[in-house]
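What the coordinates show
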Amino acid sequence: MTITRFATAAAFGLAAAALAGAAQAQTRDQIRIVGSSTVYPFTTAVAEQFGKGGKFKTPVVESTGTGGGMKLFCAGLGAGHPDATNASRRIKASEFEDCDKNGVKEIVEIKVGFDGIVIANAKKGPDLKVNQSQLFLALAKQVPGPDGKLVANPYKMWNEIDPSLPAEKIEVLGPPPTSGTRDAFLELVMEPGAAKIPAMDALKKADAKAFDTAWKSIREDGAYVDAGENDNLIVQKLDSNPEAFGIFGYSFLEENTAKIKGATVAGQQPTFEAIASGKYPVSRSLFVYVKKQHVGVIPGLKEFVAEYVSDKAMGEDGYLADKGLIPLPKDQRAATTKVGKELAVIGKEGL
């Protein structure tokens, strides 16, 4: 089923789905998963491994972005709606409420591992050693002017921000507003980067709302290019354009080290060890959300979750680590395994 068909089914069945629920879901015998492009390769690997078991069909996994996946996931119950959604950030309270409103009242949260967000460019391009404040000044829609007041971002070249940066045009291919990677980039780079700039720190103290608007607003003058949800396409574009940088998950860097390299951020290279230890500052948790009301109705959903949380998948030496997923610490992995086995649901508290 295509994304469009999911969206159409979601729009068509909003009113009836909550009531139809489990009975409607009986019309489908293959697990459907949407969501984050970052989590996509990991869930796809689990789906392929699951399908090899031969007892159930290989689940269909689609890359729709975290925000887009949540909309589809929360739209209702039944065969027209996906059974799970990948997310490169935690579900928002507003999304949880949307789910609840549409009858999706039992949500299982599977924390699958960690990922680093990398800023990468072609191997033949310049090296970039940058900090979060410099990235804010490169990508924010408005930055402090000479008098400290916000002005339209005037920076065209990296070395206009700091002479130590490359004498190259600022051109960054990044995720769209629907992407969890973009949400995480804003929170892990743009907000702390802005807060370390004296004029922005003063704005934060004087007008917190204006400060929030500033770090959440990405420039729209061509220096930042909305590159969609296809991270592999970004890698291809970087290979053909050595001046450009791209923003995506660590797994895509690891899979393409022959073509691209990661920038050093705040003195840390985006390596497996630096992300796992927490030294690399731009890292986040990854999740899969499962519709418990489809368990026992869509064949194999419970078994698929069991495969995902198994040690052979998400353990330190599991096949997901080979794909670039940073495994959870032992205690957190044990907690995730318990959630997966018990299919424990979450509440709105703490979101």
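Residues numbered from 1 in each chain as written. Predicted model: local features only at pLDDT ≥ 70, side-chain atom pairs only at ≥ 80, totals over all residues. Heavy atoms only, no water.

A word on the confidence of the model for the protein chain
Stated precisely, the cut-off is as follows: Per residue, pLDDT captures the predictor's confidence, and it can take any value from 0 to 100. Whether two residues are in contact is decided by their heavy atoms: any pair within 4.5 Å suffices.
In this model, the protein chain carries a mean pLDDT of 90, and residues with pLDDT of at least 70 account for 93%. Low confidence marks residues 1–25, where pLDDT is under 50. Its contacts with residues over four positions away, or in another chain, come to 41 contacts.

Some details on the pattern of salt bridges
Using the following cut-off: Here, a salt bridge means any Lys or Arg side-chain nitrogen found within 4 Å of an Asp or Glu carboxyl oxygen. Only DSSP runs of H or I with at least four residues qualify as helices, and only runs of E with at least two residues qualify as strands; both kinds are numbered from the N terminus onward. Throughout this description, buried means an accessible area under 20% of the type-specific maximum (1.4 Å probe, protein chains only), exposed means over 50%, and partly exposed covers the range between.
This structure, assessed with the given rule, holds 18 salt bridges. Across the pair Lys141 and Glu220 runs a salt bridge, and its minimum N-O distance is 3.6 Å. With a gap of 79 residues between them, Lys141 in the loop between α5 (132–139) and β6 (142–144) and Glu220 in the loop between α9 (208–216) and β9 (224–226) connect regions that are remote in the sequence. A relative accessible area of 66% places Glu220 in the exposed class. One salt-bridge network, held together by shared partners, links Arg89, Lys92, Glu95 and Asp183.

Notes on the state of the cysteines
Which entries qualify depends on this criterion: The rule for a disulfide is simple: a pair of cysteine sulfur atoms within 2.5 Å.
Evaluation of the coordinates by the stated rule reveals one disulfide. One disulfide in the model links Cys74 with Cys99; its S-S distance is 2.1 Å. Torsion about the S-S bond of the Cys74 and Cys99 cystine: about -70 degrees, corresponding to left-handed handedness. Of the two residues, Cys74 is situated in helix α3 (residues 66–74) and Cys99 in helix α4 (residues 93–101); the sequence distance between them amounts to 25 residues. The class of Cys74 is buried, set by a relative accessible area of 1%. On the accessibility criterion, Cys99 (0% relative accessible area) is buried.

Here we look at the pairing of strand β10 (residues 245–249)
Counted only if it meets this: Paired strands, as defined in this entry, are two strands with at least two bridges between them according to DSSP.
Of all five residues that make up β10, five are buried, and the element is covered over most of its length. In this sheet, β10 lies alongside strand β4 (residues 107–122) in antiparallel orientation, the contact comprising five bridges. Looking at the pairing, Asn121 lines up with Phe245 of β10. The sheet contact formed by strand β8 (residues 172–174) and β10 spans two bridges and is parallel.

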